[in-house]
Amino acid sequence: MSDKKIPFIIALIPLVVLVVIQGAVIYTFGADALEGASQVGLLFTSAVAVLVSVCFYKFEYSLFDAAIAKSIAGVATAIVMLMLIGSLSGVWMVSGVVPYLINAGLHIISPAIFLPTACILCAIISVVTGSSWTTIATIGIALIGVGRANGFDDGWTAGAIISGAYFGDKMSPLSDTTVLASSTVGTPLFEHIRYMTKTTVPSMTITVVIFIIASLLMPTTGASDINVYVDGINSTFNISHWLLVVPVLTGFMIYKKLPAVPVMFFATLLGVIAALILQPEQLSTIGDGSIFKGAMQSVFGATNISTGNAELDDLVSTGGIAGVMNTIWLIICAMVFGGVMTASGFLEVIMRKIVSSAKRTWTLVGATVSSGIILNAVTCDQYLAVILSGSIFKEKYEAMGHKPHLLSRSIEDGTTVTSVLVPWSTCGMTQATVLGVATMTYLPYCFFNYLSPLVSVLMSLRVKRIVDKK
């Protein structure tokens, strides 16, 4: 941060501008906000922060150029990953993999317990894989289809999927954020995970109970309507048990801890091979008579598959890499804003103000989880938010006599799980795009994601049981 003394009220200006613009954008454009309006809002807010810094505090503009370049470079892998997710979702749909999983889900999962089952299933897969993104991009897409066929609102289904996926992302020893949060503050990994169970298990328990009650009370689609989905899938795709080889091999690669980008690439390639073998007619239709063109189209572009059922048509039609380009554009604009806020020192001024207000354990934990949410909104990236939270609060926790695991747990409770609730963050944008459900639509139903920070603060009131003094 610069040694220039920036008043707190001045540092808040870009945040206020961002909230006002994004609120107006969401109100005006709704689900279409990602098509350009949100991007413009982020760039305009970035310009405001730069103008204030350069005109009133004499910052060199070159400082912002470097910060923006560094910020965008930091999400290069995430952008590549997102493109691969787009291609995978398109190919797995056309190849029949996702339709096969939807078909199986309709026969196996009871509508009476669909929401808790979806949540627990995603939690298990995410713990095993260590990745919420991979979980949502694979089984999550299939569960959205199962939910629609059973008459569940997309918001409820997406909320169950995301709640489960981010439980695993938070608790798995294979998760990047879990390793990052523990290593940033110097907590041994398994001690960090063990300590998180005190807040995570109650949050997840309450979440599952809510989904059980919701599933039992919600009216569901009748068997005849479900059969329409099943018949539409069976008449459109060549449904074979061989299709299960694709997700099984993908799961094996993840289990072997191979890097995410190569795994997603080979998972896409497996989907293409499955499509060539089992769905040549679909590829020929998509490619106007050319199987090669159809295969390429399913990877990079829109595919419109006719099943005879309008709702099913919407589900099985995909966008490939082209379908995630608006999200990538938004990520780049968000990184511009995050880089500007960091370089100007505005972000640190805001965070230091929050830290200084914490005098007791529960207010310190409250400040940590609140800062995590704010950092997700400002930096638009959960990894950066985790690192900044650790560096900002570490000295304060030490000064108050707390061991590092309280800080690492508070960071995860406030940062990892709330990133997906910010519409313009990398997580929020990605999951909304992959599931085809707007962030503001699924947000009210992601109970685990906002119960975690709340339970974290409430548990911190039990000082003697959860805080270790030096």
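Read on for an overview of the structure. The shown structure was predicted, so the numbers you read here are calculated from the model rather than taken from an experiment.

### Some remarks on the overall build of the protein chain
Each helix and strand counted, the protein chain has 26 helices and 0 strands in total. A compact globule built from 470 residues should have a C-alpha radius of gyration of about 23 Å, and the protein chain, at 23 Å, falls within 12% of that. When its C-alpha atoms are laid out on the principal axes, the protein chain stretches across 65 × 50 × 40 Å. Partitioning the intrachain contacts of the protein chain with sequence separation of at least 6 by distance along the chain shows that 78% fall at a separation of at least 24. Summing over all exposed atoms, the protein chain offers an accessible surface of approximately 19,000 Å²; the carbon and sulfur share of this is 68%. Here the protein chain carries 24 positive and 24 negative side-chain charges, and the mean point of each set is 20 Å from the other.

### Comments concerning empty space enclosed by the protein
For the structure shown, the criterion picks out 1 cavity of 30 Å³ or more. As a volume, the largest cavity reaches approximately 50 Å³. Taken together, Val185, Lys394, Tyr397, Glu398, His402, Lys403, Pro404 and Leu407 make up the lining of the largest cavity. When contributions to the lining of the largest cavity are tallied by element, the ones reaching two or more residues are helix H21 (382-399) and helix H22 (404-416). If you tally residues by element for the lining of the largest cavity, the top one is H21, at 3 residues. In terms of residue class, the lining of the largest cavity is built from 4 nonpolar, 1 polar and 3 charged.

### What about the packing of H22 against helix H25 (residues 447-459)?
Look at H22 against H25: their axes get within 7 Å of each other, and the N-to-C directions meet at 150 degrees. In terms of axis orientation, H22 runs roughly antiparallel to H25. Once H22 is placed against H25, the crossing between them reads as left-handed. Counted together, Ser410, Asp413 and Gly414 of H22 and Ser452, Pro453 and Ser456 of H25 form the full contact between these two elements. Across the contact of H22 with H25, the residue classes tally to 1 nonpolar, 4 polar and 1 charged.

Definitions and limits used
- Residues numbered from 1 in each chain as written.
- Predicted model: local features only at pLDDT ≥ 70, side-chain atom pairs only at ≥ 80, totals over all residues.
- Heavy atoms only, no water.
- Helix = DSSP H or I, 4+ residues; strand = E, 2+ residues; numbered from the N terminus.
- Rg over C-alpha atoms; globule rule 2.2 N^0.38 Å.
- Contact = heavy atoms within 4.5 Å.
- Areas by Shrake-Rupley, 256 points an atom, 1.4 Å probe, with all protein chains shown as cover.
- Lys, Arg positive; Asp, Glu negative; His and termini not counted.
- Charge placed at Lys NZ, Arg CZ, Asp CG, Glu CD.
- 1 Å grid on protein atoms, 1.4 Å probe; cavity = no way out; pocket = protein on both sides within 12 Å on 5 of 7 lines; lining within 4 Å.
- Points joined across faces, edges and corners; volume = space filled by probe spheres on them.
- Nonpolar A, V, L, I, M, F, W, Y, C, P; charged D, E, K, R; others polar.
- Axes fitted to C-alpha atoms, helices over the stretch in contact; angles between N-to-C directions.
- Parallel < 35°, antiparallel > 145°, perpendicular 65-115°, else oblique.
- Left-handed = near helix turned anticlockwise from the far one by under 90°.

The values reported here are purely geometric and, on their own, carry no functional implication.
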